[in-house]
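Secondary and tertiary structure notes
Read off the chains here:
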Amino acid sequence: MMQIRSYGKGELAQLYCPNVTTAAARKKLKSWMYYYPHLMENLRSNGYTELSRSFTPAQVRLLVEALGEPSKSPVRTTCRTSILLHQIKPIRHDLLHFL
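Moving on, we come to helix α2 (residues 22-35). If you check α2, its first and last C-alpha atoms are 20 Å apart, about what 14 residues at 1.5 Å a residue would give, namely 20 Å. Taken together, the buried positions of α2 are Ala24, Ala25, Leu29, Trp32 and Met33.

Structural data, given as structure tokens:
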């Protein structure tokens, strides 16, 4: 069971997305925070702002309730997939007629 305590943003994000950079993990965590209904609203009512550098234990509890524990969370599997999709180079459609 995950320990509910204060976590830095990057620290918690890396628990959910351990195979990507801290910056990519933070970006993914932020997108989930907006995706899950009422999560951002609940975080803000517990003192969270975009400028916050860490999550309080109450905020961590809200995140875990919405996303699941990092080691068991279904959102964890989306970390690597979304990063790989961003690494694919776009096709130059203007060159397709030569194929």
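Before going further, it helps to examine unusual backbone geometry. Trans peptide bonds make up most of the peptide bonds, and negative phi angles are found at most residues other than glycine. Phi angles above zero are rare outside glycine, and histidine 38 is one such case at about 65°. For histidine 38, the location among the structural elements is in the loop between α2 and α3 (39-45).

Now for the packing of helix α1 (residues 9-16) against α2. Their axes nearest at 8 Å, the elements α1 and α2 cross at an angle of 85°. Here α2 runs roughly perpendicular to α1, going by the angle between their axes. Seen from α1, the contacting residues are Lys9, Gly10, Leu12, Ala13, Gln14 and Tyr16; seen from α2, they are Thr22, Ala25, Arg26, Leu29 and Trp32. Considered class by class, the residues forming the contact of α1 with α2 number six nonpolar, three polar and two charged.

Okay, the nonpolar core next. Soluble globular proteins tend to bury their nonpolar side chains together. Membership of the largest hydrophobic core comes to 24 residues, with the highest contact counts inside it found for Leu12, Tyr16, Leu29, Trp32, Met33, Phe55 and Leu63. Secondary-structure elements contributing two or more residues to this core are α1, α2, α3 and α4 (57-67). Setting aside chain neighbours within four positions, we find tyrosine 16 in contact with Leu29, Trp32, Leu63, Val64, Leu67, Gly68, Glu69, Pro70, Ser73, Val75, Arg76 and Cys79.

Applying the stated criterion to the full structure yields three salt bridges. Across the salt bridge formed by glutamate 11 and arginine 5, the nearest N and O atoms sit 2.7 Å from each other. The class for glutamate 11 is partly exposed, based on a relative accessible area of 39%. Linking glutamate 50 and arginine 44 is a salt bridge whose minimum nitrogen-to-oxygen distance equals 3.8 Å. By relative accessible area, glutamate 50 is classed as partly exposed at 35%.

Using the criterion set out here, one finds three aromatic pairs in the structure. Ring plane angle 15° and centroid distance 5.7 Å describe the contact between tyrosine 48 and phenylalanine 55, whose orientation is recorded as stacked. Directly above the aromatic system of tyrosine 7 lies the positively charged group of arginine 5, at a separation of 3.9 Å from the ring centroid.

Criteria and cut-off values
- Residues numbered from 1 in each chain as written.
- Predicted model: local features only at pLDDT ≥ 70, side-chain atom pairs only at ≥ 80, totals over all residues.
- Heavy atoms only, no water.
- Helix = DSSP H or I, 4+ residues; strand = E, 2+ residues; numbered from the N terminus.
- Expected span 1.5 Å × (residues − 1).
- Buried < 20%, exposed > 50% of the residue type's maximum accessible area, 1.4 Å probe, protein only.
- Axes fitted to C-alpha atoms, helices over the stretch in contact; angles between N-to-C directions.
- Parallel < 35°, antiparallel > 145°, perpendicular 65-115°, else oblique.
- Contact = heavy atoms within 4.5 Å.
- Nonpolar A, V, L, I, M, F, W, Y, C, P; charged D, E, K, R; others polar.
- Core = buried A, V, L, I, M, F, W, Y, C linked by side-chain atoms within 4.5 Å.
- Salt bridge = Lys/Arg side-chain N within 4 Å of Asp/Glu carboxyl O.
- Phe/Tyr/Trp six-rings, centres within 6.5 Å; stacked < 30°, edge-to-face > 60°.
- Lys NZ or Arg CZ within 6 Å of the ring centre and 35° of its normal.

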